[in-house]
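Next come the chains, spelled out residue by residue.
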Amino acid sequence: MRRNDLLAINAVTSRQRRVVVPQSFLGFCEWLGVELTPGQAEFARVAYDGLEPLDRDLAVKIFGKDLPVGRRRVVAAVCGRRAGKSYVMVALRLVHGMLVRDVPPLPPGIKAVAMIIAPRSNMRDEVFAYALGAIESKPELRAMLVSTKAETFTLRRPDGKRVTFECGVATAGGTAARGRWFLDFALDECAFFRDNTFKVNDEELYKAGRSVLLPGGQILITSTPWAETGLLYRMWKTRPDNAHVAHAPTLVMNDNHITREIVHEAEEEDPDAAAREFGARFMTSGTTVFFESSTLDAILTPEPFALQPGDIVGAGGDFGFKSDSSALLMVALRGKTLHVYAGTEERPTPDAPLKPSRTVARFVEVVDGKCDYVVADGHHRASIEEHLQEHGLVYCPAPQT
């Protein structure tokens, strides 16, 4: 090796040794030149740095009145869109952990990894871009880059330890979380996790990641809410002792004229969707809570459907009158393909529960003589069977297995 090359390497190594990364997350953001909003700063102060809040009223809006103090192993954040989840809460937090977490001796071939798992590749790639961008924005950090590949990069820290940032997509059985030790582990937009069979798999991924989390690391569970089910909802509902649980609308976390305008337009266009996406409200009733848009897009076709001779037609209903919707779907079996081609949904309101007679009458309009029965489970059977018979339809109990 030439003398000049050796001197250059020694100079880089010397600069790396002089780098002192702030131990607090708030200090790290300031060091990077990232200006947090008041809501983001209060969230980070409590959940990541384990400190008493400066603005207690704001912290209570985010974490609730029983505000826990001190770091927790799990951080769950139910927040509206554009609150800063993917950038501040996940990407910057994972990068900070890569730089300050203690890395014990690991078995040969095993890496210390900061891991982000997302529902889809575009969401994963966004977080990766944020994280790599943070590294490249600071000369001291850019000098630590050892390698950068698709969906991963590795740093050599001033203490000589190598740490890696990796991305994954939600998979069956939590396999995306296996084979590594985690500095920190993030499940971003976890309310939308499904494997390739459309099974919700957030709990499996959480358990897999938790089992290989290094001491001092945190599991980050962040998402815009969806249905009242799954890991995020369980965390929000039970508030376990080992977790900080935040629940904040967009404007609590990121209040500026741009987000205010976006939220206002969304509320004008679709109040229900705005309540979930920006108000951070879990959806409690209706068919829309079961599948998010990409799942439905994969099976929908714009082609019109018309019944043909030989089609076997059936009607399936689910009846609810107070807290849940009543819904009906019409299906037609043509050859070996089942077509869902028509349906309706009747939603109750807190002040106006549905009436069984009116609900059945609406269902009869959709059935329109195409079949002579409605399959439904046993709930509310006594309320609907007589009304169905009045319209010449038979109640057919749904299979129990």
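How each quantity is defined
For every chain, the first residue of the written sequence is number 1, and numbering continues from 1 onward in sequence order. Confidence filtering applies because this is a predicted model: local features only for residues at pLDDT of at least 70, side-chain atom pairs given and counted only at 80 or more, and all residues used for totals across whole chains, interfaces and linings. Water and hydrogen atoms were dropped before computing side-chain values, which therefore reflect all heavy atoms in the structure. Relative accessibility thresholds used throughout: buried, under 20% of the residue-type maximum; exposed, over 50%; partly exposed, between the two (1.4 Å probe, protein chains only). The helix and strand labels rest on DSSP assignments: H or I over at least four residues marks a helix, E over at least two residues marks a strand, and numbering proceeds from the N terminus. Note that the arc is computed from the directions linking the helix axis to the C-beta atoms. Only heavy atoms matter for contacts: two residues are in contact if any of them lie within 4.5 Å across the pair. Here the nonpolar core consists of buried residues drawn from Ala, Val, Leu, Ile, Met, Phe, Trp, Tyr and Cys, with membership extended through side-chain atoms lying within 4.5 Å. pLDDT is a residue-level measure of predictor confidence that goes from 0 to 100. Here an angle of 0 to 180 degrees is reported between the N-to-C directions of two axes, which are lines fitted to C-alpha atoms, with helices fitted over the stretch in contact. Orientation labels follow simple angle bins: below 35 degrees gives roughly parallel, above 145 gives roughly antiparallel, 65 to 115 gives roughly perpendicular, and whatever is left gives oblique. Three classes are used, and their members are as follows: Ala, Val, Leu, Ile, Met, Phe, Trp, Tyr, Cys and Pro are nonpolar, Asp, Glu, Lys and Arg are charged, and the others, Gly among them, are polar. Here, a salt bridge means any Lys or Arg side-chain nitrogen found within 4 Å of an Asp or Glu carboxyl oxygen. Patch definition: residues with relative accessible area over 30% and no salt bridge; like charges joined within 9 Å; nonpolar side chains (Val, Leu, Ile, Met, Phe, Trp, Tyr) joined within 5 Å. Accessibility throughout is a Shrake-Rupley quantity obtained with a 1.4 Å probe, and a residue counts as covered only by protein chains that appear here. Two strands make a pair as long as DSSP finds a minimum of two bridges between them.

Things to note about helix α8 (residues 202-210)
And then number 1: Considered for burial, the residues of α8 that qualify are D202, L205, Y206, A208 and G209. Buried residues of α8, viewed axially, fall in a sector of 165 degrees; they line one side.
And then number 2: Those residues of α8 that are buried lie in contact with β1 (74-79), β2 (112-118), β6 (181-188), β7 (219-223) and α9 (230-238).

A short note on the nonpolar core
And then number 1: If you look at the biggest cluster of nonpolar residues, it comprises 58 residues, and the most contacted ones within it are F43, Y48, L99, F153 and F165.
And then number 2: Sorting elements by how many residues they give to this core places helix α5 (residues 85-100) first, with ten residues.
And then number 3: Aside from chain neighbours lying at most four places away, what touches F43 is Y48, I62, F63, V75, A77, M89, A246 and M253.

Looking at the confidence of the model for the chain
And then number 1: Taken as a whole, the chain shows an average pLDDT of 86; of its residues, 88% reach a score of 70 or greater.
And then number 2: For the chain, the element scoring lowest by mean pLDDT is helix α1 (residues 3-18), at 50; helix α2 (residues 25-32) scores highest, at 97.
And then number 3: Below pLDDT 50 for its whole length, residues 5-16 participates in seven contacts with residues either more than four positions away or in separate chains.

Comments concerning the packing of α2 against α5
The relative placement of two packed helices comes down to the angle between their axes together with the axis-to-axis distance.
And then number 1: Where α2 contacts α5, the two axes come as close as 10 Å, and the packing angle between them is 95 degrees. As far as their axial angle goes, α5 and α2 are roughly perpendicular. On α5, the residues that touch F25, F28, C29 and L32 of α2 are V88, L92, R93, V95, H96 and L99.
And then number 2: A class-by-class count of the residues in the contact of α2 with α5 yields eight nonpolar, one polar and one charged.

Structural notes on the pattern of salt bridges
And then number 1: In this structure the tally under the stated criterion is 20 salt bridges.
And then number 2: With a closest N to O distance of 2.4 Å, R180 and E166 form a salt bridge. Of this pair, R180 sits in the loop between β5 (162-169) and β6 while E166 sits in strand β5; the two residues are 14 residues apart in sequence, bridging distant segments of the chain.
And then number 3: Residues R334 and D311 are paired through a salt bridge, measuring 2.8 Å at the closest nitrogen-oxygen approach. One end of the pair, R334, is in strand β10 (residues 326-334); the other, D311, is in the loop between α13 (293-297) and β9 (312-318), and 23 residues separate them in sequence.

Let's talk about a nonpolar patch on the surface
And then number 1: Judged by side-chain polarity, I312, L333 and L338 come together as a nonpolar surface patch covering roughly 280 Å² of accessible area.
And then number 2: On the basis of relative accessible area, I312 is assigned to the exposed category, the value being 54%.

So, the pairing of strand β11 (residues 337-346)
And then number 1: Where β10 meets β11, nine bridges bridge the pair, whose relative direction is antiparallel. The residue bridging A332 from the neighbouring strand is H339, located in β11.
And then number 2: What sits between the antiparallel neighbours β10 and β11 is a turn of two residues, in which G335 has the positive phi angle 65 degrees.

A closer look at the pairing of β7
And then number 1: In terms of burial, β7 is a largely internal element, five of the five residues being buried.
And then number 2: Pairing between β1 and β7: five bridges, direction parallel. Along β7, the bridge assignment pairs A76 with I221.
And then number 3: Alignment of β6 against β7, held across four bridges, turns out to be parallel. Note that in β7 the partner of A186 across the bridge is L220.

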